[in-house]
Amino acid sequence: GDTINDIVSVAGSEDKAVLMVLCLNSVHALFGNSSADFGLKPITRESGCSRDSARDIGGVVALDQPGFVRYSPTQAFGNFRWDRVSNQIEPIARGQVCECAVWVKRRSKYRVFFPAGTAGCGLLEPKGQFAWSTIDYGVRIVKAVHAEISGTPRTFYADDQGAVYEADVGRSFAGAEIQIALRLNELS
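First things first, this report covers the structure right here in the doc. (Residues numbered from 1 in each chain as written. Predicted model: local features only at pLDDT ≥ 70, side-chain atom pairs only at ≥ 80, totals over all residues. Heavy atoms only, no water.)

1. Remarks on the nonpolar core
By size, the foremost hydrophobic cluster in this structure holds 16 residues, and its most contacted members are Met 20, Leu 22, Val 60, Tyr 71 and Phe 80. Formed by 15 residues, the second largest nonpolar core is a distinct cluster that contains Ile 89, Ala 93, Ala 101 and Trp 132. (Core = buried A, V, L, I, M, F, W, Y, C linked by side-chain atoms within 4.5 Å. Buried < 20%, exposed > 50% of the residue type's maximum accessible area, 1.4 Å probe, protein only.)

Structure, rendered in structure tokens:
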């Protein structure tokens, strides 16, 4: 009864993998070994997932309407718990639509790209917390892929005009200057 927006295979709290079915307004887990014992169990009907935003980072993280949510395996009843992980940038993330997302394991970064050419970037910190930043790429990123090529981890983005960029290399964006702003907190 809900729109499926992403499907991700993850390790559950049990000894078997789980297929997480992330919908617009709910999340479910498919357990079992074959059609004889498959069972779909709801994780939550209070949270969901924007299309193509879910990534397994040792627990699934996804963009939901109010912000980013992490679904973590647990030994407790239900096998998964969920919590909001983007309180710092919730006003920016609220109501956003995901174009694409990528998890860059070697940098512990989860990036979600929005139609306006901006992105939310979450740096995974100890105890499952995130340090968030926002990025304005100036182009609409519609595809993001991270893979290992000849033993080297690499990340590529494609924009809506067909250009392809490699991320996290060099000090420019396709030869153009990268615009940045730095705001330091006042010490009292």
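2. Focus: the pattern of salt bridges
In the structure shown here, the tally under the stated rule is 7 salt bridges. Note that Glu 99 is salt-bridged to Arg 140, the shortest N-O span being 2.4 Å. Taken together, the positions of Glu 99 in the loop between α1 (90-93) and β9 (100-104) and Arg 140 in the loop between β12 (130-136) and β13 (141-149) put the pair 41 residues apart, joining distant regions of the chain. The buried category is assigned to Glu 99, whose relative accessible area is 13%. With relative accessibility at 34%, the residue Arg 140 sits in the partly exposed group. The closest approach of N and O atoms between Asp 168 and Arg 111, which form a salt bridge, is 2.9 Å. Residue Asp 168 is located in the segment after β15 (164-166), and its partner Arg 111 is located in strand β10 (residues 109-113); the two are separated by 57 residues in the primary sequence. (Salt bridge = Lys/Arg side-chain N within 4 Å of Asp/Glu carboxyl O. Helix = DSSP H or I, 4+ residues; strand = E, 2+ residues; numbered from the N terminus.)

3. Some details on the sheet that holds strand β7 (residues 68-73)
Pairing between the strands of a sheet comes from backbone hydrogen bonds, and it takes one of two forms, parallel or antiparallel. Reading across the sheet, the 4 strands line up as β5-β6-β7-β8 and stay open at both edges, with antiparallel pairing between neighbours. Each edge of the open sheet is held by one strand with a lone partner, namely β5 (55-56) and β8 (80-84). When strand β6 (residues 60-63) meets β7, the two strands line up antiparallel, connected through 4 bridges. Its bridge partner being in β7, Leu 63 is matched across the sheet by Phe 68. (Pairing = 2+ DSSP bridges.)

4. Examining a nonpolar patch on the surface
Residues Ile 4, Ile 7 and Leu 19 make up a contiguous nonpolar surface patch of about 260 Å² in total accessible area. As for its position among the elements, Ile 7 is in strand β1 (residues 4-11). (Patch = residues over 30% accessible without salt bridge, like charges linked within 9 Å, V, L, I, M, F, W, Y side chains within 5 Å. Areas by Shrake-Rupley, 256 points an atom, 1.4 Å probe, with all protein chains shown as cover.)

5. A closer look at the packing of aromatic side chains
Per the counting criterion, the structure on display carries 6 aromatic pairs. Look at Phe 113 and Tyr 137: their rings are 5.5 Å apart centre to centre, the planes differ by 45°, and that puts the pair in the tilted class. Separated by 24 residues along the polypeptide, Phe 113 in strand β10 and Tyr 137 in the loop between β12 and β13 bring together distant segments of the chain. Centroid distance Tyr 137 to Tyr 157: 5.7 Å. Interplanar angle 80°. Geometry classified as edge-to-face. (Phe/Tyr/Trp six-rings, centres within 6.5 Å; stacked < 30°, edge-to-face > 60°.)

6. Quick notes on the sheet that holds β15
With respect to topology, 3 strands assemble into an open sheet ordered β13-β14-β15, the strand pairing being antiparallel. Two strands lie at the open edges of the sheet, namely β13 and β15, each paired on one side alone. For this sheet the average axis-to-axis angle between neighbouring strands, irrespective of direction, equals 25°. (Axes fitted to C-alpha atoms, helices over the stretch in contact; angles between N-to-C directions.)

7. Let's talk about the side chain of Ser 50
Take Ser 50: it is sitting in the loop between β4 (39-44) and β5. Not counting residues within four places of it along the chain, the set of residues in contact with Ser 50 comprises Asn 5, Leu 63, Gln 96, Val 97 and Cys 98. (Contact = heavy atoms within 4.5 Å.)

8. As for the state of the cysteines
In this structure the tally under the stated criterion is 0 disulfides. The thiol of Cys 49 is unpaired, and the distance to the nearest cysteine sulfur, on Cys 98, comes to 7.8 Å. Between Cys 100, a free cysteine, and Cys 98, which holds the nearest cysteine sulfur, the sulfur-to-sulfur gap is 6.3 Å. (Disulfide = S-S within 2.5 Å.)

9. So, the side chain of Arg 70
One can find Arg 70 in strand β7. Arg 70 gets classed as buried once you look at its relative accessible area, which sits at 10%. Here Gly 58 takes part through its backbone oxygen, which lies 3.2 Å from a polar atom of the side chain of Arg 70. Look past the residues within four positions of Arg 70 in its chain and what remains in contact with it is Ile 57, Gly 58, Gly 59, Val 60, Val 61, Arg 81, Trp 82, Asp 83, Val 85, Leu 124, Gly 128 and Phe 130. (Polar contact = N/O pair within 3.5 Å; in protein donor to acceptor, adjacent residues only side chain to side chain.)

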